[in-house]
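The lines below spell out each chain.
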2 protein chains.
Amino acid sequence: MSKRWCRFKKNNVIEYGWLHDDEIVVVHGMPWGNPTETGAKYPLSSVKLLAPVVPPTFYCVGLNYPAHIIAIAKRTGVEPNFPPRPDVAYRANNALCGQNDPIIKPKDAGEDFQYEGELVVVIGKEGRFIQPENALEHVFGWTIGNDVSERNWQRSDRTNWRAKNCDTFNPMGPWIATDLDYRKMTTIVRLNNEEVERFATGDMHHDVETYIVEISKYCTLYPGDIIWMGTDGAPRNMKPGDVCEVEITGIGTLRNTVIAQS
Amino acid sequence: MSKRWCRFKKNNVIEYGWLHDDEIVVVHGMPWGNPTETGAKYPLSSVKLLAPVVPPTFYCVGLNYPAHIIAIAKRTGVEPNFPPRPDVAYRANNALCGQNDPIIKPKDAGEDFQYEGELVVVIGKEGRFIQPENALEHVFGWTIGNDVSERNWQRSDRTNWRAKNCDTFNPMGPWIATDLDYRKMTTIVRLNNEEVERFATGDMHHDVETYIVEISKYCTLYPGDIIWMGTDGAPRNMKPGDVCEVEITGIGTLRNTVIAQS
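The model shown is predicted, which means the values in this text are computed figures rather than measured ones.

**Brief notes about the overall build of chain A**
- The secondary structure content of chain A amounts to 4 helices and 19 strands.
- At 18 Å, chain A has a C-alpha radius of gyration in line with the 18 Å of a compact globule built from 262 residues.
- When its C-alpha atoms are laid out on the principal axes, chain A stretches across 60 × 45 × 30 Å.
- Residue burial in chain A is summarised as follows: out of 262 residues, 48% are buried.
- In chain A, the share of contacts with a sequence separation of at least 24, taken over all contacts with a separation of at least 6, comes to 71%.

**So, the domain arrangement of chain A**
Residue and element names in this part refer to chain A.
- Structurally, chain A comprises domain 1 (1–50) and domain 2 (53–260).
- A separation of 24 Å is found between the C-alpha centroids of domain 1 and domain 2.
- Each partner contributes residues to the interface: domain 1 has 12 residues there, and domain 2 has 16 residues.
- Ranked by residue count, the leading element in the side of domain 1 that touches domain 2 is strand β1 (residues 4–10), at 4 residues.
- Each residue belonging to the side of domain 1 that touches domain 2 can be placed in one class, and the counts come to 8 nonpolar, 1 polar and 3 charged.

**Remarks on the sheet that holds strand β18 (residues 243–248) of chain B**
Residue and element names in this part refer to chain B.
- One open sheet holds the 5 strands; their spatial order is β9-β19-β18-β15-β16, and the pairing between them is mixed. The open sheet has two edge strands with one neighbour each: β9 (103–105) and β16 (194–200). This sheet shows a mean twist of 20 degrees between the axes of neighbouring strands, independent of strand direction.

**Quick notes on the interface of chain A and chain B**
- Listed as interface residues are 24 residues of chain A and, on the opposing side, 24 residues of chain B.
- Counting only elements with at least two residues in the side of chain A that touches chain B, the list comes to β7 (89–90) and α3 (161–165) of chain A.
- No other element matches the 3 residues that α3(A) contributes to the side of chain A that touches chain B.
- The residue makeup of the side of chain A that touches chain B, split by class, is 12 nonpolar, 6 polar and 6 charged.

**Structural notes on helix α4 (residues 208–218) of chain B**
- Buried within α4(B) we find B:Val208, B:Tyr211, B:Ile212, B:Val213, B:Ile215, B:Ser216 and B:Tyr218.
- In this fold, the buried residues of α4(B) make contact with α3 of chain A together with β6 (58–60), β11 (117–123) and β17 (226–228) of chain B.

**Digging into the confidence of the model for chain A**
- Residues at a pLDDT of 70 or more form 100% of chain A, whose mean pLDDT is 97.
- If you check the scores for this complex, the pTM reads 0.97 and the ipTM reads 0.96.

Quick notes on the rules
- Residues numbered from 1 in each chain as written.
- Chains lettered and ligands numbered in written order.
- Predicted model: local features only at pLDDT ≥ 70, side-chain atom pairs only at ≥ 80, totals over all residues.
- Helix = DSSP H or I, 4+ residues; strand = E, 2+ residues; numbered from the N terminus.
- Rg over C-alpha atoms; globule rule 2.2 N^0.38 Å.
- Buried ≥ 20, exposed ≤ 12 C-beta atoms within 10 Å, placed from the backbone.
- Contact = placed C-beta atoms within 7 Å.
- Domains from an automatic or database assignment.
- Nonpolar A, V, L, I, M, F, W, Y, C, P; charged D, E, K, R; others polar.
- Pairing = 2+ DSSP bridges.
- Axes fitted to C-alpha atoms, helices over the stretch in contact; angles between N-to-C directions.
- pLDDT = per-residue confidence, 0-100.

Structure, rendered in structure tokens:
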């Protein structure tokens, strides 16, 4: 049965727990370790949800859905580039925030300030040289990410660091859901309650198993590592005041509001 | 006075301490927090030194020394590109290892398997919108990195992930040294005791203060974050059996041996 694991702050203490109806059952230890219940229970509405994990390594995947690859090719005036190899890149922990946290648009960011709704893989079991048939055994669960992107910086800078890693550019949450089949999920993005994107979460160019196998040929995957799996479609611009929701069926809905840097 | 802070393992416990002659004075807490001495002292030779910090965010800088920029231009047949902006990129924590740990050359890595001796900045104080005149107050200390690089993958892949982030590709250490002036340091690389590189550590295209100021315009710098500052010169190839030493005057010498993946 799918369980939903939350990382949250209450009374200035950061803890983990799992959702039982609208209550959080608090645990000692990490969800992918051997967590033990503390006996405490809090109403979900009484806590501040945080990004559900701060990863040792924060992997991400670009150009992994067909409509997104075609949209980028159109925008930049080149032929669509379907990556032959499952290469990964990185995001930075400073950029993480959680459910209902503001996405802060920097003062010098331009108009092309966009959401990217993504499935996030949370690794639960250490592995190197993982075989395809065992790949999903290394997944603890699934959460949702919004890979906020400033397209002018993405075009002009040598790297994606500020285009995709400013503080608050990586909302993640609301929680980690276990025991789900990502091939049966649907990703839906809503901007101010208007549906702006809908795609089959599993419609990936290189799938989750392929990435886990390929990464682990060279790098040890550790519990708590995350892989953001990329987005589909042609994202629209967001402006201060906009509310962006990323729903993935079976997991939940990540909701954040854009505000201007003060 | 400069202090040398070690992260080490003894009896399967990971601790921090500072070097007093050849003894480690063990502390509770992080060096950049308010560490308190536990009373324990160990001979340096009795512990396993580890990478001196596992950073929340692992920043790195490419193309930051003149001779290296010119060497790359020559290798790739283009005009030298001196980056107009101090853009950063990222490395991954899985790739970290410490003093005397082996650098494992993957089975499918090619001949162009190279060292890059680098100064590493260790952040000690959280900051955002840091001003140039305060930048160095946010530095806890300095250590040494070897940014091992597989050049064929660097050329062929969309990202540098496996070219620069395979397990053991980022040896760091031997310790963090405080209260030093990086503009007075010299970086020396030796391959099998032969000096193969020597440059003024401070001879950077964009200096440490510039990177701290620029990163903190967009990203909060946290205690324990690190910035690898790039290398100079045209690195040579390493093969299994080779011993690579990176010395930075005032800090110490990071020593690692290349071995073949078994």
